[in-house]
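# Summary of the model geometry
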Amino acid sequence: MNVKELAGQLEIPLILAPMFLVSTPAMTLAACSEGLLGSFPAHGTRTPEVFEEWLIETTEGLERLRGESDGKMIAPFAVNLVVHPSNPRMEGDLEKCIKYRVPVVLTSKGAPPDAVARIHDYGGVVLHDVANRRHAEKALEAGVDGVVAVTAGAGGHTGTINPFALMNEIRRIHDGPIALAGGMTTGRDVLAAQVMGADFAYVGTRFIATAESSAPFGQKQMIVDSIATDIFFSASVDGAPANWLTKSLSAAGIDLDVLRTTRPGKVIAAAETHKRWKDIWTAGHGVGNIDDIPTTAELCRRLKAEYRAAALHPISNDVIDQMAQPSG
Ligand SMILES: Cc1cc2nc3c(=O)[nH]c(=O)nc-3n(C[C@H](O)[C@H](O)[C@H](O)COP(=O)(O)O)c2cc1C
């Protein structure tokens, strides 16, 4: 499959981003059943055996959905693979992606040409996570089909570059597929990403607050209760730059003033019982526009309706009226 064919199998160009300890096969299948690309990270499964169970559940689930679809568009799915020597499961998880012919592999950390070639051999598409132009150049040299531009305000491990700036920089070196990530929560945002030159919008945080997400209820509620200023950026919680829910840092006994001046690295939570990711929660700047916990399918339908409405009226009538006024 090439990326054009992939886009043709989606109702709107939205990728439900893979999220550690949040993504589930149920969430992935719900998105695919609504014509959006669902995904999960391989390392989000406890063991290689559980990863295989998730692959079977997803591929069989998709087959079933396609059998019952009655012409409705059922999207393919994606798996996130950390392709870096530091990941001891890399080779085994890659073999499973090949065995189950995972349609889209979202690679992060490294992009070894060998892994990319093996995914291409069975017809898989590779999109690689990047946070700056240098990352994009290296990934494209390794032969990936396209990149995921992770920009400032994204949930999880984040980039720090403004989305307009990073999109334009990457477009200067790559005229193929780009998925844009960071802060998007509405169908209008997905359309806006396309207007900025992206082929896909990559949406994570909005989906944490859904019924099928395996995030604890406390994290979902904290997202509903938070706004962008409740997100704390730090490379000192787990060693990589990431956005964290401030209230979960405080609940773990972490002094924010100390964290602000701590060098990048893995800080130990004050309470040993509070683990990063499990009890100290990540989310992106989009939290301020999230105020409910719908099912994944309901959310997908809402995003599609918003996207289509925005495509009909990309600029509000008030703005158009305003523009029509003579300036003097
Ligand atoms: C809770 C959470 C867990 C994440 N885990 C992963 C992961 O395991 N692998 C990955 O490539 N990206 C991960 N991400 C990043 C997302 O795939 C995506 O880049 C990001 O959510 C997009 O920004 P947004 O959250 O503002 O929509 C995670 C993000 C969140 C919020």
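So, a few notes on the structure that sits alongside this text. Computed from a prediction, not measured in an experiment: that's the story for all the values here.

Taken in spatial order, the three strands of this open sheet run S7-S11-S10, and their pairing is antiparallel. Looking along the sheet, the strands with just one partner apiece sit at the ends: strand S7 (156-157) and strand S10 (231-234). Where S10 meets strand S11 (residues 242-245), four bridges bridge the pair, whose relative direction is antiparallel. When the sheet's bridge partners are listed, isoleucine 231 is paired in S11 with leucine 245.

Under the counting rule described, the total for this entry stands at 16 salt bridges. Residues glutamate 11 and arginine 308 are paired through a salt bridge, measuring 2.9 Å at the closest nitrogen-oxygen approach. Separated by 297 residues along the polypeptide, glutamate 11 in the loop between helix H1 (3-8) and strand S1 (14-16) and arginine 308 in helix H13 (residues 296-312) bring together distant segments of the chain. By relative accessible area, glutamate 11 is classed as partly exposed at 25%. In this structure, aspartate 292 engages arginine 302 in a salt bridge whose closest nitrogen and oxygen atoms are separated by 2.5 Å. Linking aspartate 292 in the loop between helix H12 (256-260) and H13 with arginine 302 in helix H13, this pair joins segments that are 10 residues apart in sequence. The network of salt bridges with common partners includes Glu11, Glu34, Lys72, Arg301, Lys304 and Arg308.

Let us now look at unusual backbone geometry. The phi torsion of most residues other than glycine is negative, and most of the peptide bonds are trans. In the Ramachandran plot, arginine 101 falls in the positive-phi region, its phi being about 45° despite a non-glycine side chain. Tracing the backbone shows arginine 101 in the loop between helix H4 (90-99) and strand S4 (104-108). According to the relative accessible area criterion, arginine 101 is exposed, its value standing at 53%. Located in the positive-phi region is lysine 109, a residue other than glycine, with phi close to 80°. Topologically, lysine 109 is positioned in the loop between S4 and helix H5 (113-121).

Around the ligand sit 24 residues, and of these Pro18, Asn80, Gly183, Gly204 and Thr205 come closest. Within the side chain of histidine 43, a nitrogen or oxygen atom sits 2.9 Å from an oxygen atom of the ligand. Contact with the protein chains removes 95% of the 600 Å² of surface that the ligand exposes when unbound. Those elements that provide at least two residues to the shell around the ligand are strand S9 (200-203) and helix H9 (205-208). Residue composition of the shell around the ligand, by class: 12 nonpolar, 11 polar and one charged.

A full pass over the atoms with the stated rule returns five aromatic pairs. Between phenylalanine 40 and tryptophan 54, the aromatic rings sit 5.2 Å apart at their centres with planes inclined by 80°, giving edge-to-face as the arrangement. Of the two residues, phenylalanine 40 is situated in strand S2 (residues 38-41) and tryptophan 54 in helix H3 (residues 48-68); the sequence distance between them amounts to 14 residues. For phenylalanine 40, a relative accessible area of 0% gives the class buried. Classification of tryptophan 54 as buried rests on a relative accessible area of 16%. By way of ring pairs, the aromatic residues Phe40, Phe51, Trp54 and Phe77 are connected into one cluster.

Taking every second residue as pointing to the same face, both faces of S9 are buried, with Phe200 and Tyr202 on one and Ala201 and Val203 on the other. Strand direction decides the pairing type here: S1 and S9, joined by three bridges, are parallel. Across the sheet, isoleucine 15 pairs through a bridge with tyrosine 202, a residue of S9. In terms of strand pairing, strand S8 (residues 178-181) meets S9 through three bridges, oriented parallel. Looking at the pairing, alanine 179 lines up with phenylalanine 200 of S9.

What counts, and where the lines are drawn
Residues numbered from 1 in each chain as written. Predicted model: local features only at pLDDT ≥ 70, side-chain atom pairs only at ≥ 80, totals over all residues. Heavy atoms only, no water. Pairing = 2+ DSSP bridges. Helix = DSSP H or I, 4+ residues; strand = E, 2+ residues; numbered from the N terminus. Salt bridge = Lys/Arg side-chain N within 4 Å of Asp/Glu carboxyl O. Buried < 20%, exposed > 50% of the residue type's maximum accessible area, 1.4 Å probe, protein only. Near = heavy atom within 4 Å. Polar contact = N/O pair within 3.5 Å; in protein donor to acceptor, adjacent residues only side chain to side chain. Areas by Shrake-Rupley, 256 points an atom, 1.4 Å probe, with all protein chains shown as cover. Nonpolar A, V, L, I, M, F, W, Y, C, P; charged D, E, K, R; others polar. Phe/Tyr/Trp six-rings, centres within 6.5 Å; stacked < 30°, edge-to-face > 60°.

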